[in-house]
Structure formats: C-alpha cells, structure tokens
Amino acid sequence: MNKVDSEYEIRKQICEIGNRMYDKSFVAANDGNISVRLGDKMIIVTPTGVSKGNMKPEQLVKMDIDGKVYGKNLPSSEVKMHIEVYNQNPKLRAVCHAHPPISTAFAVAGIALDKPILAEAVVLLGVVPVAKYATPGTEEVPNSIKEYVNNHNAVLLANHGLLTWGETLEQAWFRMESTEHYGKILLYVKQIGPAREFNRQQLDELIKIKHRIDGTTEDSSTSDIDISNLSDYQIEELIKAVTQKVLDKL
Ligand SMILES: [Zn+2]
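All residue numbers refer to position in the chain's written sequence, counted from 1. Residue-level local features of this predicted model are given only where pLDDT is at least 70; pairs of side-chain atoms are given and counted only at 80 or more, and the full residue set underlies all totals for whole chains, interfaces and linings.

Colleague: Help me understand the nonpolar core, please; the structure alone is not making it clear to me.
Modeller: The tendency in soluble globular proteins is for nonpolar side chains to be buried as a group. Core analysis: the biggest nonpolar cluster contains 57 residues, and Ile14, Val155 and Leu156 have the highest contact counts within it. Here a strand is any run of E in DSSP of at least two residues, a helix any run of H or I of at least four, and the numbering for each starts at the N terminus. Ranked by residue count, the leading element in this core is helix α1 (residues 7–23), at six residues. In this entry, domain limits derive from an automatic or database-based domain assignment. A domain split of this core shows at least three residues from each of domain 1 (7–192) and domain 2 (200–249). Dropping the residues within four chain positions of it, Val155 is found in contact with Val128, Pro129, Ala131, Ile145, Tyr148 and Leu163. For our purposes the nonpolar core covers buried Ala, Val, Leu, Ile, Met, Phe, Trp, Tyr and Cys residues that link as a set through C-beta atoms within 7 Å. Note on burial: count the other C-beta atoms lying within 10 Å of the residue's C-beta; 20 or more is buried, 12 or fewer is exposed, in between is partly exposed, and C-beta positions come from the backbone. C-beta atoms are first placed from the backbone for all residues, and any pair lying within 7 Å is then listed as a contact.

Next up, the structure:
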C-alpha cells in the first residue's frame, strides 16, 4: 500500500480493511469509515449507510478535500474529520474510524490510554488522548481532533469511538488494532492489580530503540539526570516528560 497504487487498487484495499474491521467486531451495522488520499487533493472514502463488512470497490466515493463529490454515492457523514486530518498534515494518507468496544469504553469513560506499560505501545503508538465530545457529523468533530493530528497517532473520540491515521492505510489500520489491543491489556491490568509502569531508564532504552528505527540522533538531555535524590512524584513527572519526548518523535 503506497502512494503509487492505482485508484482501483486503493478501492480494493479499503474494502479489505473494511472486512477486517467488521470481522474483528470493531463496528456494528453501518458504523465506521475509512479513507485514503489519492494525490494531494482527492480522497477515496467509504459511502454513507453501508456495512464495512461487504463493500465493493465501485461503492466507494471519490471526492476532493474541499468537499466536491464525484459520482452518485454520498460519502460517510464523518468525512469532515478525515479531511481535517489531511488538511492538518500533508504526509498523512489514510484515516480509519470505528467503534472498537474496549477503546470506545475508554472513550466513554473519558480515560486516555497513556500508561507507559507496553514497549510496543510506547514506541510505535504513543499516548492515545481523549478528544472532547462532539456531535457526530457536525463541524465540532473536526475541531475536536485538530490539535492531536500532528503529535499523536490515534485519538479516542469522547462517547463515540476511535480515530487513527497513518502514512499508509495499513499503518492507520495497525494503529487501530494496536490501540484496541493496548486498551484490552490495560483493562485486564485494571482488574488484576496496579500496573508496573516503565521507569525512566527503561523508557530511555525505548527512546534509543525508537531512534534506531527512525534513524534519528539521540537527544541525551534526560540521560544525565541523577534520579537517586528525586521524590516519587518527581520521578513520576520525569517519566511523563520522557514519555512525551518519545511521543514527540513519533
Ligand atoms: Zn463513529
């Protein structure tokens, strides 16, 4: 799945991700929507009122990011939040939205997925914040997510569901799967007992891995801090700061 894929190839890929979304029970009935950027100004998006489990490439809607629709099918009523993602960051080329049960439960409870407990979640996903509630289909929705697009990979929509994006459709979809998986583990941990979060050194190691993956240089500004004299509160604040540094690099 890359920029040079033909329009028909992109349509088939969206149908495939729709099937996976439906098979995993991330959506019910006609819930959810998926889009992929085609060139700079056009997108292919799922139509309104169609189950994601049985879509045909011809049903998908082609439109530009100014809102002009080509063809007779109407786009998802949530397409405005997809367009907001594309407007906020030209590098992003795919957006997925669904109501995965556990992520949505966190969204309903207003609890962000922000515990540094899983290496993959820290390095590849980062914190998943909760955007404030917005009535579905209104202009409030794009406004509620815009502040998160450039510094996160996924966002919980309060009392609604989950939104992810990526440079490819596969990346946006994997971020959706990973968020739900991370949420499931966090839910189990809440039932079993308190989570043992990463300490600063462990997070530093994760940052190094992240740098190796990205091929970026290491910023050692947090590595010289002697934590032996810090209070638990200060260490906790430091871990939050380091976690944020990881996220800033994502
Ligand atoms: Zn929704």
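Structure's up, so let's keep going.
Colleague: How should I be thinking about unusual backbone geometry in this particular structure?
Modeller: Residues other than glycine predominantly adopt negative phi, and peptide bonds predominantly adopt the trans conformation. One non-glycine residue, Ser25, lies in positive phi territory at about 60°. Tracing the backbone shows Ser25 in the loop between α1 and β1 (33–38). Residue Ser25 is classed as exposed on the basis of its 12 C-beta neighbours within 10 Å.

Colleague: Could you clarify how one ought to interpret the environment of His181 in this entry?
Modeller: Looking at where His181 falls in the secondary structure, it is placed in helix α6 (residues 169–192). Sequence separation of His181 and Pro100 is 81 residues, and the distance between their C-alpha atoms is 9.9 Å.

Colleague: What is the right way to look at helix α3 (residues 101–109) in this model?
Modeller: Helical geometry: 3.6 residues make up each α-helical turn, so side chains three or four residues apart lie on a common side. Buried residues of α3: Ser103, Thr104, Phe106 and Ala107, and no others. What you see down the axis of α3 is that its buried residues fit within an arc of 155°, all on one side. Elements in contact with the buried residues of α3: β6 (130–131), β7 (154–157), β8 (161–166) and α6. Taken from the residues just after α3, Gly110 is the one with a positive phi, measuring 70°. What the arc describes is the spread of directions from the helix axis to the C-beta atoms.

Colleague: How do you make sense of the environment of Gly67 when you look at a structure like this?
Modeller: Among the structural elements, Gly67 can be located in the loop between β3 (61–64) and β4 (69–70). For the pair Gly67 and Lys80, spaced 13 residues apart in sequence, the C-alpha to C-alpha distance is 8.5 Å.

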